[in-house]
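Fold and geometry: a report
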Amino acid sequence: MRKLPSGLITGALVAFFFAVALYFRAVVPYSSVFTDAGIKFSSVDAYWHMRIIDNLLQNFPHLMTFDPYTIFPGGESLDNLHFFDWLLAGVIKVLSFGSPSPTFIDTVSAYFPAVLGAAVTIPVFFIGRALAGRWAGVIAAGLVSILPGEFLGRSIIGFTDHHVAESLFTAVALMFLILAVKSGQERNVSLEHVRKMDWKVLRRPLIFAVLGGLSLAIYMLTWMGSPLFVFLIAVYFVFQFTIDYLRGRSVDYLWIAGLPLFFIALLIILPSSSIVYYNLSLTLGIFIIAGLGIL
């Protein structure tokens, strides 16, 4: 009997856990959202997002800049940290071929957080595999697919809010950061490789770092509290630089993983957001990594 490839078994298990996660998020609470009276969203914020999405679909891709219905009686100016709404509106546009009906908009919007929540199993698998091997990744994906608490509660159908997107984009950004650091360390990447433009050695770490920066920027365009995650990444680099230095190891791979990560994120954030602490957090991240490397 022919033995199945381990990659095929792993892929099937991760797909199974994705389906399990989707079942708990979309099938179990189905009747509480899709009722005889219509589609009922699960939170006040979900209705707020749906009003933004309805307006966005009428004026795509332009987001409304003022909301007259919040902070009574004067209304409120909206920031542009609404990647979640743009992504959902874009998906609705594509799936409806540009002409969505109100029912179609509500249906896709209701399912959207469940799909994003189930998708978290994929980067979690790759994170686990990078850190502790393939089966650790499979176990991690299985655990996160049934994980109770706030993560589950904010990723069920009808809870159309940006919080589940935060979980997904942070997991993706962390996945690419880990892959950039690990591949750079395994290839013994150095600044000499950069000077010689040795793309055979630099390609994988740089690609992962750039994708990490893109993911980090997307996350920052989703939630205003995202500089907290930037701070955690910077703290990691402080510890890793220190550990490698004390052990007499080269720290060049940390430059090559960290600087593109923060720099790409900053390039995307600068024209997209006028929030000072956003730009400041990424700029400080660049200076921390550059300064540690120089020291």
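Report on the accompanying structure.

Parameters at a glance
Residue positions are counted from 1 within each chain, in the order its sequence is given. In view of the model being predicted, local features appear only for residues whose pLDDT reaches at least 70, and side-chain atom pairs are presented and counted only at 80 or more, with totals across whole chains, interfaces and linings using the full set of residues. By convention in this description, side-chain values take in all heavy atoms of the structure and omit both hydrogens and water. Working definition: helices are DSSP H or I runs of at least four residues, strands are E runs of at least two. Numbering for both runs from the N terminus. In this scheme, a residue with accessible area under 20% of its type's maximum is buried, one over 50% is exposed, and one in between is partly exposed, where area comes from a 1.4 Å probe on protein chains only. Throughout, a residue-residue contact means that at least one pair of heavy atoms, one from each residue, lies within 4.5 Å. For every accessible area listed, the method is Shrake-Rupley and the probe measures 1.4 Å; residues are considered covered only by the protein chains on display. Neither His nor the chain ends contribute to the count of charged residues, in which Lys and Arg are positive and Asp and Glu negative. Every charge is mapped onto a representative atom, which is NZ of Lys, CZ of Arg, CG of Asp or CD of Glu. Ring pairs are drawn from Phe, Tyr and Trp, using the six-membered ring of Trp, whenever the two centres fall within 6.5 Å, and their geometry is named by plane angle: stacked under 30 degrees, edge-to-face over 60, tilted for the rest. Between the first and last residue of a helix there are one fewer steps than residues, each counted as 1.5 Å, and that sum is the expected span. As used here, the arc is the angular range of directions from the helix axis to the C-beta atoms. A cavity here means a set of 1 Å grid points, computed over protein atoms only, where a 1.4 Å probe fits but cannot escape. A pocket is an open set with protein on both sides within 12 Å along at least 5 of 7 lines, and lining residues have an atom within 4 Å of a point. Grid points are joined across faces, edges and corners, and a volume is the space filled by probe spheres set on the points. Ten residues, namely Ala, Val, Leu, Ile, Met, Phe, Trp, Tyr, Cys and Pro, are considered nonpolar, four, namely Asp, Glu, Lys and Arg, are considered charged, and the remaining ones, Gly among them, are considered polar. Here, patches come from residues exposed beyond 30% relative accessible area and free of salt bridges, joined within 9 Å for like charges and within 5 Å for nonpolar side chains (Val, Leu, Ile, Met, Phe, Trp, Tyr). Salt bridges are identified by distance alone: a Lys or Arg side-chain nitrogen within 4 Å of an Asp or Glu carboxyl oxygen.

Here we take up the overall build of the protein chain. Helices and strands together make up the secondary structure of the protein chain, namely 14 helices and four strands. With the C-alpha coordinates of the protein chain rotated into their principal frame, the extents come out at 65 × 65 × 35 Å. Expressed as a percentage of the 295 residues in the protein chain, the buried residues total 47%. In the protein chain, the proportion of contacts linking residues at least 24 apart, taken out of those at least 6 apart, comes to 70%. If you sum the accessible surface of the protein chain, you get close to 15400 Å²; carbon and sulfur atoms cover 70% of it. Here the protein chain holds 18 positive side-chain charges and 16 negative ones, and the gap between their average locations is 18 Å.

To continue, consider the packing of aromatic side chains. Under the definition given, this model contains twelve aromatic pairs. Relative to Y278, the ring of Y277 has its centre 5.6 Å away and its plane inclined at 65 degrees; by these criteria the two rings are edge-to-face. When its relative accessible area of 38% is taken as the criterion, Y277 is described as partly exposed. Aromatic ring contacts, followed pair by pair, group Y30, F34 and Y111 into a single cluster.

Turning our attention to helix α14 (residues 276–294). End to end, α14 covers 27 Å across 19 residues, agreeing with the expected 27 Å (1.5 Å per residue, within 8%). Turning to α14, its buried residues are Y278, N279, S281, L282, G285, I286, I289 and G293. The buried side chains of α14 occupy one side of the element, clustering within an arc of 165 degrees when seen end-on. Exposed side chains of α14 directed beyond 90 degrees from the buried face belong to V276, F287 and I294. Where the residues of α14 are buried, they touch α11 (199–220), α12 (227–246) and α13 (252–269).

So, about unusual backbone geometry. Between F60 and the following residue, P61, the backbone shows a cis peptide bond with an omega angle of 5 degrees. Mapping P61 onto the fold places it in the loop between α3 (44–58) and β3 (66–67). The omega angle of the peptide bond from F72 to P73 is 5 degrees, so this bond is cis rather than trans. Relative to the assigned elements, P73 resides in the loop between β3 and β4 (76–77).

With that settled, the discussion passes to the layout of surface pockets. If you add up the space inside the largest pocket, you get close to 330 Å³. Lining the largest pocket are 19 residues, with W48, D79, H82, H162 and M224 positioned closest to its centre. Of all the secondary structure elements, the ones that give two or more residues to the lining of the largest pocket are α3, β4 and α4 (83–95). For the lining of the largest pocket, a count of residues per class yields seven nonpolar, seven polar and five charged.

With that settled, the discussion passes to a nonpolar patch on the surface. On the surface, Y23, F24, V27, V28 and I146 cluster together into a nonpolar patch covering about 470 Å² of accessible area. Looking at the element boundaries, I146 is found in helix α7 (residues 134–146).

Attention now moves to the pattern of salt bridges. Scanning the entire structure with this criterion turns up five salt bridges. For R154, the salt bridge goes to E150, with nearest N and O atoms at 2.7 Å. Across the pair K196 and E192 runs a salt bridge whose closest N-O atoms are separated by 3.8 Å. Residue class for E192 comes out partly exposed when judged on its relative accessible area of 34%. Through salt bridges with shared partners, one network takes in E192, R195 and K196.

This brings us to the environment of M50. Within the element layout of this structure, M50 appears in helix α3. Note: C-alpha distance between M50 and S77 (27 residues apart in sequence) is 17 Å. In this structure M50 touches F41, I105, D106, S109 and T160, once residues within four positions along its chain are discounted.

Purely geometric numbers; function is a separate question.
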